[in-house]
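# Architecture at a glance
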Amino acid sequence: MNQSQQSRQTVLNQIEHACQRVQRDPATVQLLAVSKTHPAERLRDMHEAGQRCFGENYLQEALEKIEALQDLEIEWHFIGHVQRNKTKHLAEKFDWVHGVDRLIIAERLSGQRLASQVPLNICLQVNIDGQDSKDGCQPEQVAELVQQISQLPHIRLRGLMVIPAPDNHAAFTTAQALFDQVKSLHTQPQDWDTLSMGMSADLEAAIAAGSTMVRIGTALFGARDYTT
Ligand SMILES: *Cc1c(COP(=O)(O)O)cnc(C)c1O
């Protein structure tokens, strides 16, 4: 096995063990490979190792990789902060956008998604543990935003995304409860099936709390170098 195959297998085993511990089916947890700062060739290797879903944080960097890897079958997820004036590329080039936290962003993404494309999958980002400097809507806003966003024509609202403070594992349980509450809303969104939470350091805790998509960078690709 080469390095990509090995690290991917290690993470898949970790996911499987985390699932076994809480009697979940490993097939209910998706592995999103977070590839920010890593060159396109590393993604190509990881694709060769069997990985299909990749998450990127920085728009310009992501667009270059999407271009460089257009011969591959890849599902592209944008997991970074969404700037209001950058929604057009997100709407056209990505399959998923995780960091939607305001109605205006969802409206713009819906309006800019091409009619020829399938609807854009989005997650509503929630500031689940009240961090000051964090993106994400407030938990109290979720119900209303869900109702509003569900009505947009070119969007498929799939669930919630959270990034709690490191070691705040209790926040995962809070997120799970909020995710379930939406299921009991009067107008429940049709495809409400995704709870995007858990990173390299806390994927077990996230899976124990009900995560359906873990976003893994370091454990797959090694440490990131932001200097280049
Ligand atoms: C970078 C990043 C990750 C991956 O973090 P690792 O600790 O390297 O696994 C996951 N989610 C988001 C939103 C990120 O920005």
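The structure under discussion appears in the preceding block.
Heads up: these notes are all about the structure in this document. (Residues numbered from 1 in each chain as written. Predicted model: local features only at pLDDT ≥ 70, side-chain atom pairs only at ≥ 80, totals over all residues. Heavy atoms only, no water.)

Turning next to the overall build of the protein. Per the secondary structure count, the protein includes nine helices and eight strands. Taken against the 2.2 N^0.38 rule, which gives 17 Å for 228 residues, the C-alpha radius of gyration of the protein at 17 Å falls within 12% of a compact globule. Principal-axis analysis of the C-alpha atoms places the extent of the protein at approximately 50 × 40 × 30 Å. Taken over 228 residues, the protein has a buried fraction of 47%. Restricting to contacts in the protein with at least 6 residues of sequence separation, those with at least 24 account for 57%. Summing over all exposed atoms, the protein offers an accessible surface of approximately 11,000 Å²; the carbon and sulfur share of this is 47%. Side-chain charges in the protein split into 21 positive and 28 negative, and the spacing between the mean points of these groups amounts to 2 Å. (Helix = DSSP H or I, 4+ residues; strand = E, 2+ residues; numbered from the N terminus. Rg over C-alpha atoms; globule rule 2.2 N^0.38 Å. Buried < 20%, exposed > 50% of the residue type's maximum accessible area, 1.4 Å probe, protein only. Contact = heavy atoms within 4.5 Å. Areas by Shrake-Rupley, 256 points an atom, 1.4 Å probe, with all protein chains shown as cover. Lys, Arg positive; Asp, Glu negative; His and termini not counted. Charge placed at Lys NZ, Arg CZ, Asp CG, Glu CD.)

Now for the nonpolar core. Inside soluble globular proteins, nonpolar side chains tend to come together where they are buried. If you look at the biggest cluster of nonpolar residues, it comprises 61 residues, and the most contacted ones within it are Leu109 and Ile122. Looking at which element gives the most residues to this core, the answer is helix H7 (residues 170–183), with six residues. The contacts of Ile122, once residues within four sequence positions are left out, are Val97, Val100, Ala106, Leu109, Ile149, Ile155, Arg156, Leu157, Arg158 and Gly159. In this structure, Leu32, Val34, Ile79 and Trp96 belong to the second largest nonpolar core, which totals eight residues. (Core = buried A, V, L, I, M, F, W, Y, C linked by side-chain atoms within 4.5 Å.)

For strand E6 (residues 155–161), the buried fraction is high: six of the seven residues fall into the buried class. Bridge analysis of strand E5 (residues 120–125) against E6 gives six bridges, and the strand direction is parallel. Looking at E6, one finds that Leu120 is bridged to Ile155. Sheet topology note: the E6/strand E7 (residues 194–196) ladder contains three bridges and is parallel. Along E7, the bridge assignment pairs Met161 with Ser196. As a crossover connection, the stretch from E6 through H7 into E7 is right-handed. (Pairing = 2+ DSSP bridges. Right-handed = clockwise from strand over helix to strand, strands pointing away.)

Here we come to the environment of Glu73. Counting through the fold element by element, Glu73 comes out in the loop between helix H3 (59–68) and strand E3 (75–78). Classification of Glu73 by relative accessible area gives exposed; the value is 65%. The sequence separation of Glu73 and Cys53 amounts to 20 residues, and the corresponding C-alpha distance is 9.2 Å. With residues up to four places along the chain from it excluded, the contact list for Glu73 reads His47 and Arg52.

Once that is clear, we can look at the side chain of Glu56. Here Glu56 shows up in strand E2 (residues 53–56). Of note is the side chain of Glu56, whose polar atom sits 2.7 Å from the side chain of Ser35. Beyond its immediate chain neighbours, meaning those up to four positions away, Glu56 contacts Ser35, Lys36, Leu43, Glu61, Ala62, Lys65, Trp76, His77, Phe78, Ile79 and Gly80. (Polar contact = N/O pair within 3.5 Å; in protein donor to acceptor, adjacent residues only side chain to side chain.)

Taken as a whole and assessed by the stated rule, the structure comprises nine salt bridges. With a shortest N-O distance of 3.7 Å, Glu41 and Arg44 are connected by a salt bridge. Residue Glu41 and its partner Arg44 are both found in helix H2 (residues 40–48); the two are separated by three residues, about one turn of the helix. The class for Glu41 is exposed, based on a relative accessible area of 51%. Salt-bridge contacts for Lys65 lead to Glu61; the nearest nitrogen and oxygen are separated by 2.6 Å. Of the two residues, Lys65 and Glu61 are both situated in helix H3; the distance of four residues between them amounts to about one turn of the helix. Each of Glu41, Arg44 and Asp71 takes part in salt bridges that share partners, so that together they form one network. (Salt bridge = Lys/Arg side-chain N within 4 Å of Asp/Glu carboxyl O.)

On to the site of the ligand. Surrounding the ligand, one finds Val34, Lys36, Asn57, Ile79, Ile163, Met199, Ser200, Arg215, Ile216, Gly217, Thr218 and Arg224. Between Lys36 and the ligand, the recorded distance is 2.7 Å, taken from a side-chain N or O atom to an oxygen atom. A distance of 2.7 Å is found between an oxygen atom of the ligand and a side-chain nitrogen or oxygen belonging to Arg224. Expressed as a share of its isolated accessible area of 390 Å², the protein-covered part of the ligand is 88%. Per-class residue counts for the shell around the ligand are five nonpolar, four polar and three charged. (Near = heavy atom within 4 Å. Nonpolar A, V, L, I, M, F, W, Y, C, P; charged D, E, K, R; others polar.)

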